[in-house]
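Below are the chains, spelled out letter by letter.
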Amino acid sequence: MARTGTGGAGGNRVKGARRPEVRLPPLEPWSDGALEPDGDYDGVEIRGADLAGQDGAGARFMDCALTDCAFDETGLRHARLLDSVLTGARGVGTDLAEATLRDVELVDARLGGTQLHGSVLERVVIRGGKIDYLNLRTARLRDVVFESCVLVEPDFGNAVLERVEFVGCTVKAADFRGVTMKDVDLRGAASLEIAGGVERLAGAVISMPQLMDLAPVLAAQLGIRVED
């Protein structure tokens, strides 16, 4: 199930993202100790596990809770995370390239260099925490909300963003080069800094203060010289 965000629809208003409503069933504790490639994890709770360096490529996580786990260099390429909640995830270099995240909540993560290029995110909320150097190149994001988190140098290069919201988050040096946007709401970002691709903001809505902040970058992109 999902609920619609506050953006709303109608007329020329930006359409709000549909947020996930994850309702986990009673979970079984996971005690296997190591992930397996193409493993099937259904209705389990993985708590406080050190998954650093493990290979879970192609694994499926359905109705799962992963809490306070370490994901340093964890291999989850082509993994599928469905109807699951990840809380307190931490690690550097987690490989989620070409993964699928659907109806997922990522809460209070502390991640760096996470690879999500070529991935598909649908009805995903990323709330709280800090993610450095997030790689979302060529990814497809639909109904995704970044809420009250810090994103440092996120790379959205050539990604497709539809119904994506930035709510109360800090975005530093975002790269939007080659991005395609539709109903992307940047107005709620507490801080918005764009390092590249400002010309790709068609399909997004920003606030008047944000427009003033971006004016020098926009002027440079258009070749306008501003003098006193």
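See the structure above.
Residues numbered from 1 in each chain as written. Predicted model: local features only at pLDDT ≥ 70, side-chain atom pairs only at ≥ 80, totals over all residues. Heavy atoms only, no water.

A.B. asks: Help me out: how do you make sense of unusual backbone geometry in this one?
C.D. replies: The phi angle at Glu73 is positive, at roughly 55°, despite the residue not being glycine. Tracing the sequence through the fold places Glu73 in the loop between β7 (65-67) and β8 (80-87). Classification of Glu73 as exposed rests on a relative accessible area of 54%. Of note, the phi angle at Asp108 is positive, near 55°, even though the residue is not glycine. Topologically, Asp108 is positioned in strand β10 (residues 100-112). (Helix = DSSP H or I, 4+ residues; strand = E, 2+ residues; numbered from the N terminus. Buried < 20%, exposed > 50% of the residue type's maximum accessible area, 1.4 Å probe, protein only.)

A.B. asks: Explanation requested: the environment of Gly58 in the structure shown.
C.D. replies: Position of Gly58 among the secondary structure elements: in the loop between β5 (44-47) and β6 (60-62). A relative accessible area of 19% places Gly58 in the buried class. Ignoring anything within four residues of it in the chain, the contact list for Gly58 reads Asp38, Arg77, His78 and Ala79. (Contact = heavy atoms within 4.5 Å.)

A.B. asks: What exactly am I supposed to notice about the nonpolar core here?
C.D. replies: Nonpolar side chains in soluble globular proteins generally cluster together in the buried interior. Formed by 57 residues in total, the largest nonpolar core has its most connected members in Phe61, Leu136, Leu141, Phe146, Phe156 and Phe166. A per-element tally of this core places β10 first, with five residues. Not counting residues up to four positions away in its chain, the partners in contact with Leu141 are Leu121, Leu136, Phe146, Phe156, Val160, Leu161, Glu162 and Val164. (Core = buried A, V, L, I, M, F, W, Y, C linked by side-chain atoms within 4.5 Å.)

A.B. asks: Just to check I follow, could you spell out a nonpolar patch on the surface for this structure?
C.D. replies: Together, Met208, Leu211 and Met212 give the surface a local cluster of nonpolar side chains, amounting to about 300 Å² of exposed area. By the element assignment, Met208 lies in helix α1 (residues 208-222). Take Met208: its relative accessible area is 54%, and that puts it in the exposed class. (Patch = residues over 30% accessible without salt bridge, like charges linked within 9 Å, V, L, I, M, F, W, Y side chains within 5 Å. Areas by Shrake-Rupley, 256 points an atom, 1.4 Å probe, with all protein chains shown as cover. Salt bridge = Lys/Arg side-chain N within 4 Å of Asp/Glu carboxyl O.)

A.B. asks: Would you mind going over empty space enclosed by the protein with me for this structure?
C.D. replies: It is the rolling of a water-molecule-sized probe over the atoms that shows where space remains empty. Evaluated as defined, the whole model comprises one cavity of 30 Å³ or more. Of the pockets and cavities examined, the largest cavity occupies roughly 240 Å³. Considered class by class, the residues forming the lining of the largest cavity number 18 nonpolar, two polar and no charged. (1 Å grid on protein atoms, 1.4 Å probe; cavity = no way out; pocket = protein on both sides within 12 Å on 5 of 7 lines; lining within 4 Å. Points joined across faces, edges and corners; volume = space filled by probe spheres on them. Nonpolar A, V, L, I, M, F, W, Y, C, P; charged D, E, K, R; others polar.)

A.B. asks: For this particular structure, what's the right way to read the pattern of salt bridges?
C.D. replies: Where side chains of opposite charge bring their charged atoms close, a pairing between them can arise. One pass over the full model with this rule turns up 16 salt bridges. For the salt bridge of Arg60 with Asp40, the shortest nitrogen-to-oxygen distance reads 2.9 Å. Pair noted here: Arg60 is in strand β6 and Asp40 is in strand β4 (residues 40-42), with a separation of 20 residues, a long-range link. Among the salt bridges present, the one from Arg123 reaches Glu122, with a minimum N-O distance of 3.3 Å. In this structure, a network of salt bridges that share partners links the residues Arg102, Asp103, Glu122 and Arg123.

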